[in-house]
Amino acid sequence: MGMTMTQKILAAHAGLDTVKAGDLIEAKLDIVLGNDVTTPVAVDVFDKAGFTRVFDKDKIAIVLDHYTPCKDIKSAELCATARNFAKRFDITHFYDVGAVGIEHALLPEKGIVGPGDMIIGADSHTCTYGALGAFSTGVGSTDMAAGMATGENWFKVPAAIKVILKGKLQPYVSGKDVILHLIGLIGVDGALYKSLEFVGEGVAALTMDDRCAIANMAIEAGAKNGIFPVDEQTMAYVAGRFKRPVRVFEADADALYEREVVIDLNTLAPTVALPHLPSNTRTVDEVKGLPIDQVVIGSCTNGRIGDLRAAAAILKGRKVAKGVRCIVIPATEEIYLQSIREGLTEIFIEAGCAVSTPTCGPCLGGHMGCMAAGERAVATTNRNFVGRMGHVKSEVILASPAVAAASAVAGAVASPYDMEV
Amino acid sequence: MYQGTAFWYGDNVDTDVIIPARYLNAPSATELAKHCMEDIDPNFVREVKTGDIMVGGENFGCGSSREHAPIAIRASGISCVIAASFARIFYRNAINIGFPILECPEAVKGIKKGDEVQVDADTGLITNLTTGKTFRATPFPAFINRIIEQGGLLPYLVAKEKGEI
């Protein structure tokens, strides 16, 4: 029996000819990642275990993105711990305020991760890099510490679900709608412990930003990783960024999949997830008119330039509705600058949005847009759990940038199609 | 062997309710524990006693990769978690910090909040002392047992480096 794309990457990094679902392996890591929330715990574990060196200072990335620029003294202390560790071991890929971006937008942009890589990150949305054809998965701080010390970790080889994408997305429908639709279909544990392998002729028509949004939320279906095949678009994206040799892995024709899900991209409508689970999906038309207090456009899911362009196309010449706070957060400094150069930032500010420097901020109720009791947001983020963006009695509706922008203008959940005149 | 009162929760208990992100910058496990479960069970912190047992449904610990979640549960006094299934990062994190977890859908159905429960983590035998019913948890693979025996992933790696295992 053949191997899935994920299994091939795992086998190659474990020095094995073949692996099968359920095997426990020890594999070599290309990149180990942590942020300002998870790195300090890893540093503590690393030091307590008595490690005195890291396996490779070029293969560790530490990105201070969650609470930065620091919202309070406690956060500043966490950042100081991570910063000191990075300094102590001269970590090459260390990103602090002024250079920092949201980790899962930053690492692909800087060429730190690329096709065929084996990556662990102490952040659940580390699965984003599957968009580049890498095996990439979220772990905890102890795993990060172990990875930093040894350059290896243990893995259980996952079974897989094949997601066959057909056709092409309609205008105003994006990667976010694809992944919300899929999670609605299979549930928040629909891919528990498994890989989601995206294949089919529909892949070619998805932009890298779309693929990143899709792979990013694989974890919201419980998946270990989400992965896309490497194609011309991938190669064009990594050209000039990714300096290590590109390794392209393909699933065998007879690879075993536990389940197949077919999604016809032509028929997908703008989709939202109502509180309090990402699987609680509806088409936007089913719920439009629900009043809102806040809109957040950003995050590791949807803070990329394509996302900002989609939002700006709707906000151009329009105003954010009275009583709604619209917060736009470009995911990296490069995206921020690009947004200024393209005139998008001007569109946002003229529409009445607040534009922030890169941070995870409100997505996890950290800072830059926490909500009070009884408030409701439409957000391009990835989780709408109880209390995720602030007060335990506040609500988050997950949506694409186009839906979020349309909702900001309408002052209620709205479809981008209704914005056309 | 663990014994205590059961705190029972449903499916998809996520890491944001186990320990909300607004407390993630807390400096210690004890501080984290003060806010454990508060968004779904404000009484938990007041009621929990050392040794008590947490019971969850499917996909326990879904969401964020924050290791603060099992750290907060353990520091609250809970001795082990029984669930129908665990989200994978929580599963790894619990094993890696040497915190006992057991997968047993039957036990989850057969235990109610407030029941007195006894767990033998070595054999996977779960006894509901209130009803007298017993359940058997899915055993861990041998490799994972070796990590647990060493008290977590880092002690395991250190022992391996020293050639002790």
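Residues numbered from 1 in each chain as written. Chains lettered and ligands numbered in written order. Predicted model: local features only at pLDDT ≥ 70, side-chain atom pairs only at ≥ 80, totals over all residues.

(A) Main features of the overall build of chain A. Counting its regular elements, chain A contains 14 helices and 18 strands. The globule rule puts the C-alpha radius of gyration for 421 residues at 22 Å, and the 20 Å found for chain A is close to it. In terms of its C-alpha atoms, chain A occupies a principal-axis envelope of roughly 60 × 50 × 40 Å. Across the 421 residues that make up chain A, the buried fraction comes to 61%. A separation threshold of at least 6 residues defines the contact pool for chain A, and within that pool the share at least 24 residues apart is 76%. (Helix = DSSP H or I, 4+ residues; strand = E, 2+ residues; numbered from the N terminus. Rg over C-alpha atoms; globule rule 2.2 N^0.38 Å. Buried ≥ 20, exposed ≤ 12 C-beta atoms within 10 Å, placed from the backbone. Contact = placed C-beta atoms within 7 Å.)

(B) A look at the overall build of chain B. Counting its regular elements, chain B contains eight helices and seven strands. At 15 Å, chain B has a C-alpha radius of gyration in line with the 15 Å of a compact globule built from 165 residues. Taken over the C-alpha atoms alone, chain B extends approximately 45 × 40 × 25 Å along its principal axes. By residue count, 50% of the 165 residues in chain B fall in the buried class. The contacts of chain B with a sequence gap of at least 6 include a subset with a gap of at least 24, amounting to 67%.

(C) Highlighting the domain arrangement of chain A. Residue and element names in this part refer to chain A. According to the domain assignment, chain A contains domain 1 (5-263) and domain 2 (272-419). Just the C-alpha atoms count here: the centres of domain 1 and domain 2 sit 24 Å apart. Each partner contributes residues to the interface: domain 1 has 33 residues there, and domain 2 has 33 residues. Listed by contribution, the elements that provide at least two residues to the side of domain 1 that touches domain 2 are helix H4 (103-109), helix H6 (175-186) and helix H7 (208-216). In terms of residue count, the dominant contributor to the side of domain 1 that touches domain 2 is H6 (six residues). When the residues that make up the side of domain 1 that touches domain 2 are grouped by side-chain class, the tally is 13 nonpolar, 12 polar and eight charged. (Domains from an automatic or database assignment. Nonpolar A, V, L, I, M, F, W, Y, C, P; charged D, E, K, R; others polar.)

(D) Region of interest: the packing of helix H5 (residues 141-150) of chain A against helix H8 (residues 153-161) of chain B. For the pair H5(A) and H8(B), interaxial distance at closest approach is 9 Å and the crossing angle is 25°. As summarised for this structure, H5(A) and H8(B) are arranged roughly parallel, according to the angle between their axes. Only B:Leu153, B:Leu154 and B:Leu157 of H8(B) make contact with H5(A), whose side of the interface consists of A:Thr142, A:Asp143, A:Ala145, A:Ala146, A:Ala149 and A:Thr150. A class-by-class count of the residues in the contact of H5(A) with H8(B) yields six nonpolar, two polar and one charged. (Axes fitted to C-alpha atoms, helices over the stretch in contact; angles between N-to-C directions. Parallel < 35°, antiparallel > 145°, perpendicular 65-115°, else oblique.)

(E) Summary view of the interface of chain A and chain B. Taken together, the contact pairs 41 residues of chain A with 36 residues of chain B. Looking at the side of chain A that touches chain B, the elements with two or more residues in it are helix H2 (39-48), helix H3 (73-88) and H5 of chain A. In terms of residue count, the dominant contributor to the side of chain A that touches chain B is H5(A) (seven residues). Taken together, the residues of the side of chain A that touches chain B break down into 20 nonpolar, 13 polar and eight charged.

(F) Representation of the sheet that holds strand E5 (residues 118-121) of chain A. All names here are of chain A. If you walk across this open sheet you meet the five strands as E4-E3-E2-E5-E6, and the pairing is parallel. The outermost strands of the open sheet, each flanked by one partner alone, are strand E4 (93-95) and strand E6 (135-138). Here the strands of the sheet are splayed against their neighbours by 10° on average, with no regard to which way each runs. In this structure, strand E2 (residues 31-35) lies alongside E5, joined through three bridges in parallel fashion. Along E5, the bridge assignment pairs Val32 with Ile120. Along the sheet face, H5 touches E2, strand E3 (60-63) and E5 and points at about 135° away from the line of E2. (Pairing = 2+ DSSP bridges.)

(G) View of H6(A). Residues and elements named next belong to chain A. With 12 residues, H6 should cover 16 Å at 1.5 Å per step; its first-to-last C-alpha distance of 17 Å lies within 8% of that length. H6 sits mainly inside the fold: 11 of its 12 residues count as buried. Burial in H6 covers these residues: Gly175, Lys176, Asp177, Val178, Ile179, Leu180, His181, Leu182, Ile183, Gly184 and Ile186. At the C-terminal side of H6, Gly187 shows a positive phi close to 90°. (Expected span 1.5 Å × (residues − 1).)

(H) Representation of the pairing of strand E6 (residues 125-128) of chain B in the model. Residue and element names in this part refer to chain B. Pairing between strand E5 (residues 116-120) and E6: four bridges, direction antiparallel. Across the sheet, Val117 pairs through a bridge with Asn128, a residue of E6. Hairpin geometry of E5 and E6 is characterised by an intervening segment of four residues between the two adjacent antiparallel strands and by a positive phi of about 80° at Gly124. Here E6 pairs with strand E7 (residues 134-136) via three bridges, running antiparallel. Residue Thr127 lies in a different strand from E7, and its bridge partner there is Thr134. A loop of five residues connects E6 with E7, the two strands running antiparallel in sequence, and Gly132 in this loop sits at a positive phi of about 85°.

(I) The arrangement of the environment of A:Ala253 in detail. You can see A:Ala253 is positioned in the loop between helix H8 (232-238) and strand E11 (259-264). Sequence separation between A:Ala253 and A:Met1 is 252 residues, and the spatial gap between their C-alpha atoms is 9.5 Å.

(J) Looking closely at the environment of A:Arg282. Residues and elements named next belong to chain A. Looking at the element boundaries, Arg282 is found in strand E13 (residues 281-283). For Arg282, a count of 17 C-beta atoms within 10 Å puts it in the partly exposed group. Taking the C-alpha atoms as reference points, Arg282 and Asp47, separated by 235 residues in sequence, lie 47 Å from one another. Excluding its chain neighbours within four sequence positions, the residues that come into contact with Arg282 are Val272, Leu274 and Val287.

(K) The arrangement of the nonpolar core in detail. Grouped together as the largest cluster of nonpolar side chains are 204 residues, with contacts concentrated most on A:Ala311 and B:Ile82. Residue contributions to this core peak at eight residues, all from helix H14 (residues 401-410) of chain A. Per-domain counts for this core show at least three residues from each of domain 1 (5-263) and domain 2 (272-419) of chain A. (Core = buried A, V, L, I, M, F, W, Y, C linked by C-beta atoms within 7 Å.)

(L) The arrangement of the pairing of strand E7 (residues 152-156) of chain A in detail. Residues and elements named next belong to chain A. Only one face of E7 is covered, namely the one carrying Asn153 and Phe155; the face carrying Glu152, Trp154 and Lys156 has none of its residues buried. Pairing geometry for strand E1 (residues 24-28) and E7, over five bridges, is antiparallel. Considered in E7, the bridge of Ile25 is made with Phe155.

(M) Structural detail: unusual backbone geometry. All names here are of chain A. Pro69 follows Thr68 through a cis peptide bond whose omega is -15°. Along the chain, Pro69 falls in the loop between E3 and H3. Note that the residue after Pro275, namely His276, is joined by a cis bond; omega there is -5°. Looking at the element boundaries, His276 is found in the loop between strand E12 (271-273) and E13.

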